[in-house]
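Geometric and topological summary
So the chains spell out like this:
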Amino acid sequence: WDEGGDRSRWVYLHASEVFPAAILHRSDPTRSLPVNLRPEIGNFVLDPRTNTTLEAWLPASPLDGFIILHRGSIVFERYPHMQASDFHLIFSITKAFVGTVLGILEDGKRIDLDKPVEAYLPEFSATAWAGTRVRDLAEMRSGMEGVEDSAAAYLDPQHKQFQMEASLGWRAPTSEMPASVKAGDTYAMLKTFRRVRKPGEQQAYTSANTLMLADIIEHVTGKRLGEVIDAEIWNKMGAENDALLLVNAKGVPIAHGGMITTLRDLARFGLLFSLSNNSVLPAQFLNRLLRQARPAASEHDQAEATHHSSYQWDAVTPDGEILKGGFGDQLLYIDTRRDV
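So, a few notes on the structure that sits alongside this text. These numbers were taken from a predicted model, which means no experiment stands behind them.

Further remarks concern the environment of T317. Tracing the backbone through its elements, the reader meets T317 in the loop between β9 (315-316) and β10 (321-325). Once the C-alpha coordinates of T317 and R291 are considered, the two residues, 26 residues apart in sequence, prove to be 8.9 Å apart.

What follows is the structure in structure tokens.
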């Protein structure tokens, strides 16, 4: 269902007809998005060799929808393969919602990112996750297996990422997989992960970190992840529509990639981080996200002198840009200084 082409496009736009989903409820008032279109944006040349412009490229592009906001207004919007009212799976951009909830709970002194996971999940004390700080999870530095650095993560039934997604109903389980996978008990399955390097030592993109954060958030709040995202973000940001969060048959949230929104509501989420934000997010959290980069922990991390990642975002730049991508080439990009 996720190998590309027409089938994938259909599933991305109808994911709640394929997988179970929890509802995140909007609340009045809706945040207005004034439309002040700037047609000249379409004249931006993407490829100087062929003189191809954005406007000429979009209709036959793989993009389903594309929107640009400036100073809180829509200045460019196109829907090559969907309608403005359609709900679209945003895959790993979901992680930004989880990281944002984490930052809000941190600001409220309900989660301390410097505590180890077992401080919040005692059942993980006897597992390889013990000693991993919550901050290590948030920055993809847990040092655990399941790293998504090759196609095997999505194709090899022996890979821990594949097995985790099988437990969530996104992959077909095999008879050789652990009982927790076949039972859809994702949190029990996470206990079987092994350590491959010291926590905090090196960044390595591993979606299991997000599932661990989800478990912590649910334990701390006593609520399901979708309810927390709803209460702390969706219900407050002026969304025009409800959102959805995919879950498995046991109700375990697909925290690493299961959010479904309209494009305009995803843009409204982005506005929370721009100069047009509506004060939904604590200023202290935004400052930590943008400015508090962890020093390079190894030679591998020297590039972080110019870029860092935190709270599940892929990159944060010194110029105030933040971005988060998703498996199906979704992208949320925010320039906080230019209010884009």
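Viewed as axis vectors pointing N to C, helix α3 (residues 94-107) and helix α12 (residues 283-291) meet at an angle of 125°, and their least axial separation amounts to 9 Å. By the angle between their directions, the pair α3 and α12 is classed as oblique. Remark: the crossing between α3 and α12 carries right-handed chirality. Of the residues in α12, those touching α3 at G99, T100, G103, E106 and D107 are Q284, F285 and R288. Taken together, the residues that form the contact of α3 with α12 break down as one nonpolar, four polar and three charged.

Counting buried residues along strand β5 (residues 73-78), five of its six residues qualify, which places the element largely inside the surrounding structure. Across five bridges, strand β4 (residues 66-70) lies against β5 in antiparallel orientation. Within the sheet, the bridge partner assigned to H70 lies in β5 and is S73. Taking the residues that link successive antiparallel strands as the turn, the β4-β5 hairpin has two residues, and the phi of R71 there is positive, at about 55°.

Tracing the backbone through its elements, the reader meets T132 in the loop between α3 and α4 (134-138). Relative accessible area serves as the criterion here: at 0%, T132 is assigned to the buried category. A distance of 2.8 Å separates the side chain of T132 from the backbone oxygen of W129, its partner in a polar contact. Each residue touching T132, except ones within four places of it in the same chain, is listed here: K115, P116, V117, L137, S142, R195 and P199.

About the cut-offs
Residues numbered from 1 in each chain as written. Predicted model: local features only at pLDDT ≥ 70, side-chain atom pairs only at ≥ 80, totals over all residues. Heavy atoms only, no water. Helix = DSSP H or I, 4+ residues; strand = E, 2+ residues; numbered from the N terminus. Axes fitted to C-alpha atoms, helices over the stretch in contact; angles between N-to-C directions. Parallel < 35°, antiparallel > 145°, perpendicular 65-115°, else oblique. Left-handed = near helix turned anticlockwise from the far one by under 90°. Contact = heavy atoms within 4.5 Å. Nonpolar A, V, L, I, M, F, W, Y, C, P; charged D, E, K, R; others polar. Buried < 20%, exposed > 50% of the residue type's maximum accessible area, 1.4 Å probe, protein only. Pairing = 2+ DSSP bridges. Polar contact = N/O pair within 3.5 Å; in protein donor to acceptor, adjacent residues only side chain to side chain.

Spatial relationships are all this shows, so hold off on functional conclusions.
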